[in-house]
Amino acid sequence: MTPGWALVLLLSAAPVGAATRDGIVQDALPPASSAVTPFRWSGDAIQGGLIRGQAPDGAVLATLDGKPLPIATDGSFIIGFDRDAGPTAQVEVTMADGRTLSQTLAVRPRDWRIERIDAPYRAGKTDAEFAAARPAELAQIVAAREAATDATGWQQRFRWPVAGRQSGWFGSQRVYQGKPGGYHSGADVAVPTGTAIVAPADGVVILAAQTPFTLEGHLLMLDHGMGLNSAFLHLSQIDVAPGDHVRQGQVIGRSGATGRATGPHLHWSLQWRGAKLDPLLVAGPVPAR
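Computed from a predicted structure; not experimentally measured. (Residues numbered from 1 in each chain as written. Predicted model: local features only at pLDDT ≥ 70, side-chain atom pairs only at ≥ 80, totals over all residues. Heavy atoms only, no water.)

What follows concerns the overall build of the protein chain. Scanning the protein chain for helices and strands turns up two helices and 23 strands. Within the span of the protein chain, comprising 289 residues, buried residues form 47% of the whole. In the protein chain, once contacts between residues fewer than 6 apart in sequence are set aside, the share between residues at least 24 apart is 68%. Carbon together with sulfur atoms contributes 52% to the accessible area of the protein chain, which is approximately 13,800 Å² in total. (Helix = DSSP H or I, 4+ residues; strand = E, 2+ residues; numbered from the N terminus. Buried < 20%, exposed > 50% of the residue type's maximum accessible area, 1.4 Å probe, protein only. Contact = heavy atoms within 4.5 Å. Areas by Shrake-Rupley, 256 points an atom, 1.4 Å probe, with all protein chains shown as cover.)

See the structure below:
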């Protein structure tokens, strides 16, 4: 993605009477003489991407594909597109006077790193200890992602929590004789154990697993507000506690190889209201050490 949130949104063919602004179709907009301002966008509507929007002046409610979409008091909001997002998304706002304005976004598909294996899929072994511990761990992760905080980091330009060599890519997947395995839900950066990990944006700590989880190891999660959250896996040390407010660039932990990891690295994943996002599209390329 081009730094600076370059505008690259595409919309479907304009309906009769629709106006355009900066290449974006404005559906059913009121006459220019009214006080309503059209939608404004920045970012890339692409699978795994995150865009920023500005609702028309006077908007009081918003929906995305019929589901509630949170907007700030100034009308700003964000939308994330899952790795497997469909080709379009419908945004609609309700104005204070009851009118509605809508816009259809075209979501660009991506080519993923797919490795096709000529061997049958074999699920990993699950021992009794894992089976006993996993439900409680997953419940903690789900509860953390449902937490609502006063975090405002979603408004910032994100930075990488660590510099180093990228060793794992978001969305990559293996297919075993036509049967797909699970895809990689974050990005990995290979760094030595004990390397400082910093907050990519302001946030509130919503989970800090001082007892390692079976898969994630020492897991730390931050809420950035508006449904956007980060997860940092395999840490050797966590330096913050649930409820702490952290600032962008603040050291929050140290890298490691706890949980199921083949070597020391940081796995950073981002989610927006359940949609899994590509950190490279949010923070740009991984900086070198």
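Our focus in this paragraph is the side chain of Ser255. Considering the arrangement of structural elements, one finds Ser255 in the loop between strand 21 (251-254) and strand 22 (265-272). There is a polar contact of 2.7 Å between the side chain of Ser255 and the backbone oxygen of Pro192. Setting aside anything within four residues of it in sequence, one finds Ser255 in contact with Val191, Pro192, Thr193, Gly194, Thr195, Ile197, His234, Leu235 and Ser236. (Polar contact = N/O pair within 3.5 Å; in protein donor to acceptor, adjacent residues only side chain to side chain.)

Applying the stated criterion to the full structure yields eight salt bridges. For Asp278, the salt bridge is made with Arg110, and the minimal N-O distance between the two is 3.0 Å. Taken as a pair, Asp278 in the loop between strand 23 (275-277) and helix 2 (279-283) and Arg110 in the loop between strand 9 (100-106) and strand 10 (114-117) lie far apart in primary sequence, 168 residues in all. You can call Asp278 buried: its relative accessible area is 4%. Under the relative-accessibility criterion, Arg110 is labelled partly exposed at 23%. If you follow the salt bridges from partner to partner, you end up with Arg134, Glu137 and Glu216 in one network. (Salt bridge = Lys/Arg side-chain N within 4 Å of Asp/Glu carboxyl O.)

For the rest of this paragraph, the subject is the sheet that holds strand 3 (residues 40-43). Taken in spatial order, the three strands line up as 3-4-7 in an open sheet, and their pairing is antiparallel. Strand pairing shows two members of the sheet lacking a second neighbour, strand 3 and strand 7 (76-80), which therefore form its edges. The average undirected angle you get between the axes of adjacent strands in this sheet is 25°. Summarising the sheet, strand 4 (residues 50-54) and strand 7 pair through five bridges and their orientation is antiparallel. When the bridges of strand 7 are listed, Leu50 appears paired with Gly80. (Pairing = 2+ DSSP bridges. Axes fitted to C-alpha atoms, helices over the stretch in contact; angles between N-to-C directions.)

Two measures describe an aromatic ring pair: the distance that separates the ring centres and the angle between the ring planes. Evaluation of the coordinates by the stated rule reveals five aromatic pairs. When the ring of Phe39 is compared with that of Trp41, the centres are 5.8 Å apart and the planes differ by 15°; the resulting orientation is stacked. On the basis of relative accessible area, Phe39 is assigned to the buried category, the value being 3%. Residues Trp112 and Phe170 carry aromatic rings whose centres are separated by 5.8 Å and whose planes lie at 65° to one another, so their mutual orientation is edge-to-face. (Phe/Tyr/Trp six-rings, centres within 6.5 Å; stacked < 30°, edge-to-face > 60°.)

Okay, the environment of Ile117 next. Among the secondary structure elements, Ile117 is positioned in strand 10. Along the chain, Ile117 and Val175 lie 58 residues apart, while their C-alpha atoms are 5.9 Å from each other. In this structure Ile117 touches Arg174, Val175, Tyr176 and Gln177, once residues within four positions along its chain are discounted.

We now examine the pairing of strand 3. The sheet contact formed by strand 3 and strand 4 spans four bridges and is antiparallel. Note on strand 4: the bridge partner recorded for Trp41 is Gly53.

A separate point is helix 1 (residues 128-145). Counted at 1.5 Å a residue, the expected span for helix 1 with its 18 residues is 26 Å, and the 27 Å between its end C-alpha atoms agrees. The axis of helix 1 is deflected most strongly, by about 35°, at Arg134, and proline Pro135 appears within four residues downstream. (Expected span 1.5 Å × (residues − 1). Bend = angle between axes of the 7 residues up to and from the residue.)

Before going further, it helps to examine the sheet that holds strand 21. The sheet built from three strands is open, its strands ordered 15-21-19 with antiparallel pairing. Each edge of the sheet is formed by a strand with only one pairing partner; in this case those strands are strand 15 (196-198) and strand 19 (237-238).

Turning our attention to the nonpolar core. When a protein is soluble and globular, its nonpolar side chains tend to lie buried together. Counting residues in hydrophobic clusters, the biggest one holds 54 residues, and the most contacted among them are Ile79, Phe81, Leu220, Leu228, Phe232 and Ile252. The residues touching Ile79, leaving out its near neighbours within four places in the chain, are Trp41, Gly49, Leu50, Ile51, Leu64, Leu69, Val91, Leu105 and Trp272. By size, the runner-up hydrophobic cluster in this structure holds 10 residues, among which are Ala144, Ile206, Ala231 and Leu233. (Core = buried A, V, L, I, M, F, W, Y, C linked by side-chain atoms within 4.5 Å.)

Looking at the element boundaries, Pro242 is found in the loop between strand 19 and strand 20 (245-246). The spacing of Pro242 and Leu207 is 35 residues in sequence and 5.6 Å in space, taken between C-alpha atoms. Residue contacts for Pro242: discarding those within four places in its chain leaves Val205 and Ala208.

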